[in-house]
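Each chain, letter by letter, is given below.
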Amino acid sequence: MSEALVKEVLIQALAELEESEDIIILNPAKNAIANILFKKVQEVSPNLLTNEELSGIISALNAHNLGFGLDDNDFQTIIGLTKEELAKATKKLKL
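Here's a quick rundown of the structure. A quick note: this is a predicted structure, and the numbers were derived from the prediction, not measured. (Residues numbered from 1 in each chain as written. Predicted model: local features only at pLDDT ≥ 70, side-chain atom pairs only at ≥ 80, totals over all residues. Heavy atoms only, no water.)

## Some thoughts on the packing of aromatic side chains
Applying the stated criterion across every chain yields a total of zero aromatic pairs. The residue whose ring lies beneath lysine 7 is phenylalanine 38, and the NZ or CZ to ring-centre distance is 5.2 Å. For lysine 83, the ring lying beneath its charged end belongs to phenylalanine 75, and the centroid distance is 5.5 Å. (Phe/Tyr/Trp six-rings, centres within 6.5 Å; stacked < 30°, edge-to-face > 60°. Lys NZ or Arg CZ within 6 Å of the ring centre and 35° of its normal.)

Below, the structure written as structure tokens:
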């Protein structure tokens, strides 16, 4: 699912909630609110991995094809993420 589509749906939901008077939005920039909501959803949703996270996971899965082990110095260069970033991205897949 694309980031733009998710943000558009969030903006639409905010507008519907405001129209039904379930919430009052004081910030005129609904995009800013949608961006905050999107980041929170992205933290827990495997369907919303960033391009960098997805690329890092794919690289990690294919690392065995390189024919050598990865030390700490080469890990980020080859995988594209630090070990901590890769761990955070894989936690999304476990949900």
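## Let's talk about helix α2 (residues 30-44)
Taking 1.5 Å per residue as the helical rise, α2 with its 15 residues ought to reach 21 Å, and the 22 Å between its terminal C-alpha atoms agrees with that figure. The complete set of buried residues in α2 reads Ala34, Phe38 and Gln42. Along the axis of α2, the buried residues cluster in a sector spanning 70°; they form a single face. Residues Ile36, Lys39 and Lys40 are exposed on α2 and point more than 90 degrees away from its buried face. (Helix = DSSP H or I, 4+ residues; strand = E, 2+ residues; numbered from the N terminus. Expected span 1.5 Å × (residues − 1). Buried < 20%, exposed > 50% of the residue type's maximum accessible area, 1.4 Å probe, protein only. Arc of directions from axis to C-beta.)

Honestly, that's just the spatial picture; any functional story needs more than this.
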